Amino acid sequence: MSEHKENSENTQKQDDSLCVQDVRYPKKDSALIKALRKHCCIPQQWVFGVISLIGLCNAYTMRVTLNLAITQMVNRTKIEKEHFDPDACPSDEIIGNITTLVDKSHAIFDWNEEVQGFILSGFYYGYGLTQILGGFLAEKYEAKWTLGIGLLTTAIFTFLTPLITRIGGSTWLFILRVLQGMGEGPTVPALMIMMSRWTPPDKRALQGALIFGGAQLGNMFGSLMGGTIMAGGRDWAYVFYFFGGFGVVWFILWSLLCYNEPNQHPFISYEELDYLNRVVKRAKVTSSSDPVPWKAMLRSPAAWALLFAGIGHDWGFYTMVSDLPKYMHDVLKFNIAKTGALTCLPFLAKWICGFMFGFTCDYGIKKGWHSVRMGRIIYTTLGSVLPATCIILASYSGCNRTVALGCFVLAMGFMGAYVSGMKVNTLDVAPNHAGSVTSFINTITTLAGIISPYLIGLMTPDSTLVQWRRAFWICFAIMVGSNVLYGFLADGKQQWWDDVRQFGYPPNWKHGPIIKEVPVEPESIKLCKKDEEETEK
């Protein structure tokens, strides 16, 4: 009898250890929490979406601030070479024979194009270094604080940029940019983990468009405010003070309003909590000691499809983000105020089109017009081939500013389809390991952010139209080629390695276990399933 009782207790302990991380077993609510949830009428999944949007906006303003500010930090008269460019465009600062004098008293650095490209690429060295670490910390511990503290450190470094640059010049600025990149590295992996817990499958494209639209808002806000702040020869340092402070304010909002998952949220309504627990896919049984299934992930065609598409997207996107202000200022010869204002138009187009593509993609899947896989391929293709074509057309428009700007606007608008394609495809194939998959992809695709600005700096030593055209052809080849590979390898279903306990190992798997096996009595599994069914009822 005592032996039977001991076995029962052991079985119950095993059962408890397996069910403790089941999302369907939230802690019992206190009286205060019950009152908050009863009177909460705002859907918290959209509160998370909006605050995340502002967070990405904050991240990208701090990322791209230097791209515009560097045009006012460098005194070009010190490094200008004698060369004749037959394709040179007229400047905004020269009208007829009248030259407008622009105050350059704060342009104290004499960096050439190669040095500028090297500085601009510094952010992405740090960004790539913390992708894997950020994904690991976010999955194993707290995604909320992994993301929040990372962006807070970036905000502090942004605020210190003028002081550090004036003391240490290009070397210290490069190191500071690496540190800023390290702070932002965990951002997207942590966001993907939280999205996998907060976003219903039938709203992934739309919610993804909302959240990742923050990147476009950041580029727009950064360009517009940066150009406004520096107009009239004002000190470029104010730009870094402004956006550093903005990052601190966002961190306070994030700390107070967002939580890792619905069951941790103190004032989500019972209706929304029940809905999210029913529709959002999570592993029924998990163990905190389970390793990331790297062996299976690296052998998965679906993961490599995401990687190839990510390389194409990031090369095109980083080319636009890092170098579009320079192209408009150095080639099309807009002044700094117009450069800041007009640079934001392509990102506005991407933000608006992202919502349109998100709605149509979700609607098409819901109506059965196409499968999830085909939908992701269609929108990834729209987001790669059409933008690549528009970028080339812009380079052949010469000094026709209206046509060039129109092509750049269309290019970024079509690039908004990427979110409904490969970006949310991660949540389809690996909802439980979205952070690790994203960190794997971003670690490699960050090379685009490192190579692209530096390569363009090497290819455009004189910033001529012909030199930039060659750089844009490389961008075209990478974007279109990566899309072809994605089309062959993409998948729209959850992969077996994302939840081995549910799907098991495939018949041809010969590479050993990818998780730590947990001995479970059959009766214990039945008890968990029975409790789960009762909870659903």
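Small disclaimer: the values here were computed from a predicted structure and weren't measured. (Residues numbered from 1 in each chain as written. Predicted model: local features only at pLDDT ≥ 70, side-chain atom pairs only at ≥ 80, totals over all residues. Heavy atoms only, no water.)

A. Representation of the side chain of Thr165 within the structure. Considering the arrangement of structural elements, one finds Thr165 in helix 6 (residues 143-184). Overall, Thr165 belongs to the buried group, its relative accessible area being 0%. Discounting residues that sit within four places of it in the chain, Thr165 has contacts with Met73, Phe109, Trp111 and Leu173. (Helix = DSSP H or I, 4+ residues; strand = E, 2+ residues; numbered from the N terminus. Buried < 20%, exposed > 50% of the residue type's maximum accessible area, 1.4 Å probe, protein only. Contact = heavy atoms within 4.5 Å.)

B. Structural detail: the nonpolar core. In terms of nonpolar packing, the biggest core is built from 93 residues, with Phe48, Trp254, Tyr327, Tyr486, Trp497 and Ile514 touching the most fellow members. With 13 residues, helix 12 (residues 301-330) is the single largest residue contributor to this core. Among the domains, domain 1 (41-94 + 106-279) and domain 2 (295-502) are the pair contributing at least three residues each to this core. Residues in contact with Tyr486, not counting those within four places in the same chain, are Ala305, Leu306, Ala309, Arg376, Ile377, Thr380, Gly421, Met422 and Asn425. (Core = buried A, V, L, I, M, F, W, Y, C linked by side-chain atoms within 4.5 Å. Domains from an automatic or database assignment.)

C. Geometry of helix 3 (residues 44-73). The end-to-end C-alpha distance of helix 3 is 43 Å, a good match for the 44 Å that 30 residues give at a rise of 1.5 Å each. Taken as a whole, helix 3 carries its principal kink of about 35° at Val64. Taken across its 30 residues, helix 3 has 27 buried, putting it largely inside the fold. (Expected span 1.5 Å × (residues − 1). Bend = angle between axes of the 7 residues up to and from the residue.)

D. Just the packing of helix 7 (residues 187-198) against helix 17 (residues 417-429), in detail. Contact geometry of helix 7 with helix 17 gives a least axis separation of 10 Å together with a crossing angle of 60°. Taken as axis vectors, helix 7 and helix 17 run oblique relative to one another. Note on packing geometry: the crossing formed by helix 7 with helix 17 is right-handed. For the pair helix 7 and helix 17, contact is made by Met192, Met195 and Ser196 and by Lys423, Thr426 and Leu427, respectively. When the residues that make up the contact of helix 7 with helix 17 are grouped by side-chain class, the tally is three nonpolar, two polar and one charged. (Axes fitted to C-alpha atoms, helices over the stretch in contact; angles between N-to-C directions. Parallel < 35°, antiparallel > 145°, perpendicular 65-115°, else oblique. Left-handed = near helix turned anticlockwise from the far one by under 90°. Nonpolar A, V, L, I, M, F, W, Y, C, P; charged D, E, K, R; others polar.)

E. How the structure looks around helix 6. With 42 residues, helix 6 ought to run about 62 Å at 1.5 Å a step, yet its terminal C-alpha atoms sit only 13 Å apart, falling short of that. Helix geometry: helix 6 is bent most strongly at Gly169, by close to 135°.

F. Main features of the packing of aromatic side chains. With the rule as written, the count across this model stands at 25 aromatic pairs. Summarising the aromatic geometry, the rings of Tyr125 and Phe174 are spaced 5.7 Å apart at their centres and angled 70° between planes, so their arrangement reads as edge-to-face. Taken as a pair, Tyr125 in helix 4 (residues 113-129) and Phe174 in helix 6 lie far apart in primary sequence, 49 residues in all. A residue is classified by how much of its surface remains accessible, and Phe174, at 17% relative accessible area, is buried. With a centroid separation of 6.0 Å and an interplanar angle of 70°, the aromatic rings of Phe357 and Tyr379 are classed as edge-to-face. Within this pair, whereas Phe357 is found in helix 13 (residues 336-367), its partner Tyr379 is found in helix 14 (residues 372-382), the two being separated by 22 residues in sequence. (Phe/Tyr/Trp six-rings, centres within 6.5 Å; stacked < 30°, edge-to-face > 60°.)

G. Region of interest: the pattern of salt bridges. Evaluation of the coordinates by the stated rule reveals three salt bridges. Two residues, Arg63 and Glu184, come together in a salt bridge whose shortest N-O distance is 3.4 Å. Note that Arg63 is positioned in helix 3 and Glu184 in helix 6, a separation of 121 residues in sequence. Glu184 shares its class with Arg63; the two are buried. Residue Arg376 pairs with Asp428 through a salt bridge whose shortest N-O separation is 2.7 Å. (Salt bridge = Lys/Arg side-chain N within 4 Å of Asp/Glu carboxyl O.)

H. Region of the structure containing the packing of helix 14 against helix 19 (residues 465-489). For the pair helix 14 and helix 19, interaxial distance at closest approach is 10 Å and the crossing angle is 175°. Judged by the angle between their axes, helix 14 and helix 19 are roughly antiparallel. On the side of helix 14, the interface is formed by Arg373, Arg376, Ile377, Thr380 and Thr381, while helix 19 contributes Asn483, Tyr486, Gly487 and Phe488. Grouping the constituent residues of the contact of helix 14 with helix 19 by class yields three nonpolar, four polar and two charged.

Nothing here speaks to function; it is all geometry.
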